[in-house]
Amino acid sequence: MDLLQLIVMIMVGTILATIVLAVLSYGAFRMRERRMPVSDLQSMTGGPAFFERVRFLPTKAAESEG
Amino acid sequence: MRRHLKSFVISGIVVIGGLASMLMGIILALQSPPQFQNAFVRITVYVLIAFLGVLVFRYITLLWLGYLQFIEDVADEGKGDQLDDDFLPPISIIVPAYNEEPMIQSVIRSLLRLDYPRYEILIVDDGSTDATFQRAAELEGTVGGATVRVVSKSNGGKATALNTGLSLARHPFVLCMDADSKLEPQTLRRAIRHFRDPRVAAVAGNVKVANRRNLWTRFQALEYIEGLNMPRRAQGFIRAVNIIPGPCGLFRRDVLIKLGGYDTDTFAEDADLTLKLLREGWRIEYEDLAIAWTEAPETLRNLLKQRYRWTRGILQAVAKRADILWHPRRSPTIWASVTQLLFEGVVWPFMNVFGHLFFAMVALAFGAGPYLVSWWLLLTVLDLAAAFYTVVIEEEDLSLVPLAIAYRFVFILIIDVAKLFATLEQVFDVKMSWGKVERLGRI
């Protein structure tokens, strides 16, 4: 086997192995994410806590009450 | 559950279908007459050259614009030092923190060492379940020109914590950062000078990886310098940075308040806010010397978790303001910047993964290995040159440069596979969670 062929084999092997590793890692990551329990807040509200909008500016009504 | 199953099936069909049609094409070409096989190999070589051409175009454009920005910075530095002291308005630093107990005190201590006459550090505890609030509250008070304030709110996500900070901030400029990051002492001083221009609403800082402990984090250190900061420097020249990084972004507070602060409907609040500012016609600049050190994921799992969230978040943000893409004449620079964001986030990962697979299969099936090796050599020379240039320009660690040899064929390929699947999941609207990366308290 000459040097060029060896380099080709290493390159092709690296590319294929990397893609297979990446796909498997991604699959494992998503499976683990799915098994994780939802947070207490999420289970209480029935939806993802992140999307709950918080209004931070005081309204006029609240100001007059204060 | 049925909807998720359906999404996964469709994603699988898209990926497997793409691979199968690629394989079928190669098998059909193998069974065809020799002259057709020769034509097939020739077309593959043209595709290889086109692939390389796209990369060369990307590098030349980014390096050229980045170099112009570098010259501008050097020129500003020459005339600006004595002017800097004239413009030092007070700044509020907002640090949203969720379960950051291991590092919150060291982050506050590092912020107290900033070289700036008057600023406040506002820690917003986002309903942590550990002792983040107690640890931070121990350092409340005033030291020299710096004041530390700690507030707590119920858990609502990073964007809501930043909004709380915005509403409670006392100063006209706010620096939003992450609790897993530390700032260099000169960061505020270097970033604030850009606000002499009233058209500038925000300045993006330079983020660097602090925990270069293993191969993953060293690859990320190179990626931050070459893959993230190089485009950001180029975008800085056209005043249209497309992502103000979470660890270091300085803003005009009144502009953010007027625009309603951070939206809470994406998973990349930094990208979303940046596009919101660009959409309104504000300028966003880049400051190379406003440096934030951040803790990068040390394991492949945490790295995938982070990139999955970034990809989906960016897609959500771009989808919200897709009109920018349809109106290039409104502002060509903003259009170019957002198009680049979409290209690097979605189009390029597809091209990269399928391109590599295709070229590898053609090399195996037709013995076109020498072309593949030439292509790899050219790409590697290009990557090494870009890595060397960017590492030198940032006065960074030269030992990162050799990593460029394996950067594209290993690291970027893994990241691009994750981006590809995350894009498909976003297209098919698969449910996702925030996916907080574990903090190890390394910085």
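Residues numbered from 1 in each chain as written. Chains lettered and ligands numbered in written order. Predicted model: local features only at pLDDT ≥ 70, side-chain atom pairs only at ≥ 80, totals over all residues. Heavy atoms only, no water.

Student: I'd like to hear about a nonpolar patch on the surface, residue by residue, with values.
Tutor: On the surface, Ile43, Tyr46, Val47 and Ile49 of chain B cluster together into a nonpolar patch covering about 410 Å² of accessible area. With respect to the helices and strands, the residue Ile49 of chain B is situated in helix H2 (residues 34-84). (Patch = residues over 30% accessible without salt bridge, like charges linked within 9 Å, V, L, I, M, F, W, Y side chains within 5 Å. Areas by Shrake-Rupley, 256 points an atom, 1.4 Å probe, with all protein chains shown as cover. Salt bridge = Lys/Arg side-chain N within 4 Å of Asp/Glu carboxyl O. Helix = DSSP H or I, 4+ residues; strand = E, 2+ residues; numbered from the N terminus.)

Student: Give me the lowdown on the nonpolar core, citing residues and values where you can.
Tutor: Residues and elements named next belong to chain B. In terms of nonpolar packing, the biggest core is built from 72 residues, with Leu222 and Trp375 touching the most fellow members. Tallying contributions element by element places helix H14 (residues 404-427) first for this core, with 14 residues. Discounting residues that sit within four places of it in the chain, Leu222 has contacts with Gly227, Ala387, Val391, Leu400, Leu403, Ala404 and Tyr407. Judged by nonpolar contacts, the second largest core, of 37 residues, contains Leu166, Cys176, Leu275 and Ala317. (Core = buried A, V, L, I, M, F, W, Y, C linked by side-chain atoms within 4.5 Å. Buried < 20%, exposed > 50% of the residue type's maximum accessible area, 1.4 Å probe, protein only. Contact = heavy atoms within 4.5 Å.)

Student: Could you give me a rundown of the sheet that holds strand S4 (residues 146-153) of chain B, with the residues and numbers involved?
Tutor: All names here are of chain B. Here nine strands make up an open sheet; going across it, the order is S3-S4-S2-S1-S5-S8-S7-S9-S6 and the pairing mixed. Edge positions in the sheet fall to strand S3 (141-143) and strand S6 (181-183), since each has one partner strand and no second. Direction aside, the axes of adjacent strands within the sheet are offset by 30 degrees on average. Strand direction decides the pairing type here: strand S2 (residues 119-126) and S4, joined by eight bridges, are parallel. In the sheet register, Asp126 faces S4, and the bridge partner there is Lys153. (Pairing = 2+ DSSP bridges. Axes fitted to C-alpha atoms, helices over the stretch in contact; angles between N-to-C directions.)

Student: Residues and numbers for the packing of helix H13 (residues 369-393) of chain B against H14 of chain B, please.
Tutor: Residue and element names in this part refer to chain B. H14 packs onto H13 with a crossing angle of 120 degrees between their chain directions and a minimal axis gap of 8 Å. Like other packed secondary-structure pairs, H13 and H14 cross with a definite hand, here right-handed. For the pair H13 and H14, the contacting residues are Trp375, Trp376, Leu379, Thr380, Asp383, Leu384 and Ala387 in the first and Ala404, Ile405, Arg408 and Phe409 in the second. Among the residues making up the contact of H13 with H14, the classes are represented as eight nonpolar, one polar and two charged. (Left-handed = near helix turned anticlockwise from the far one by under 90°. Nonpolar A, V, L, I, M, F, W, Y, C, P; charged D, E, K, R; others polar.)

Student: Tell me about the environment of Gln306 of chain B, residues and numbers included.
Tutor: All names here are of chain B. Topologically, Gln306 is positioned in helix H10 (residues 300-320). Since its relative accessible area comes to 9%, Gln306 is described here as buried. A sequence separation of ten residues divides Gln306 from Ala296, and the C-alpha atoms of the two residues are 9.4 Å apart.

Student: I'd like to hear about the confidence of the model for chain A, residue by residue, with values.
Tutor: When pLDDT is averaged along chain A, the result is 64, and 50% of the positions lie at 70 or above. Of the regions scoring below 50 in pLDDT, residues 38-59 of chain A engages in 32 contacts with residues more than four places distant in sequence or in other chains. (pLDDT = per-residue confidence, 0-100.)

Student: An account of the environment of Asp2 of chain A is requested, with residue identities and associated values reported.
Tutor: Position of Asp2 of chain A relative to the elements: it lies in the segment before helix H1 (3-35). One polar contact links the side chain of Asp2 of chain A to the main-chain amide nitrogen of Gln5 of chain A, over a distance of 2.9 Å. (Polar contact = N/O pair within 3.5 Å; in protein donor to acceptor, adjacent residues only side chain to side chain.)

Student: I'd like to hear about empty space enclosed by the protein, residue by residue, with values.
Tutor: Here the idea is plain: a probe the size of a water molecule rolls over the atoms and shows the empty space left. All names here are of chain B. All chains considered together, the criterion is met by three cavities of 30 Å³ or more. A volume near 70 Å³ is recorded for the largest cavity. In terms of lining residues, the largest cavity is bounded by 13 residues, among which Cys176, Pro245, Gly246, Tyr262 and Asp270 are the most central. Residues of the lining of the largest cavity, tallied by class, amount to eight nonpolar, one polar and four charged. Space inside the second largest cavity adds up to approximately 60 Å³. What lines the second largest cavity is simply Val41, Thr44, Val45, Leu48, Phe359, Val362, Ala363, Ala368, Tyr371 and Leu372. Broken down by secondary-structure element, the contributors of at least two residues to the lining of the second largest cavity are H2, helix H12 (332-366) and H13. Per-element accounting of the lining of the second largest cavity gives the leading share, four residues, to H2. (1 Å grid on protein atoms, 1.4 Å probe; cavity = no way out; pocket = protein on both sides within 12 Å on 5 of 7 lines; lining within 4 Å. Points joined across faces, edges and corners; volume = space filled by probe spheres on them.)

Student: Account for the layout of surface pockets, naming residues and giving values.
Tutor: All names here are of chain B. If you add up the space inside the second largest pocket, you get close to 440 Å³. Lining the second largest pocket are 18 residues; nearest its centre among them are Phe57, Thr61, Leu62, Ala336 and Gln340. For the lining of the second largest pocket, the secondary structure elements donating two or more residues are H2, helix H7 (215-237) and H12. Considering every element that reaches the lining of the second largest pocket, the biggest residue donor is H12, with nine residues. When the residues that make up the lining of the second largest pocket are grouped by side-chain class, the tally is ten nonpolar, six polar and two charged.

Student: Summarise the pairing of strand S8 (residues 249-252) of chain B; cite the residues concerned and give the values.
Tutor: Residues and elements named next belong to chain B. Both faces of S8 are covered, namely the face carrying Gly249 and Phe251 and the face carrying Leu250 and Arg252. When strand S7 (residues 200-209) meets S8, the two strands line up antiparallel, connected through three bridges. If you follow Ala202 over to S8, its bridge partner there is Phe251.

Student: Run through the packing of H7 of chain B against H14 of chain B, naming residues and quoting values.
Tutor: Residues and elements named next belong to chain B. Two elements in contact, H7 and H14, have axes whose closest approach is 11 Å; the angle formed by their N-to-C orientations is 100 degrees. Taken as axis vectors, H7 and H14 run roughly perpendicular relative to one another. Across from Trp216, Phe219, Gln220, Leu222, Glu223, Glu226 and Gly227 in H7, the residues of H14 making contact are Ala404, Ala406, Tyr407, Phe411 and Ile414. Grouping the constituent residues of the contact of H7 with H14 by class yields eight nonpolar, two polar and two charged. (Parallel < 35°, antiparallel > 145°, perpendicular 65-115°, else oblique.)

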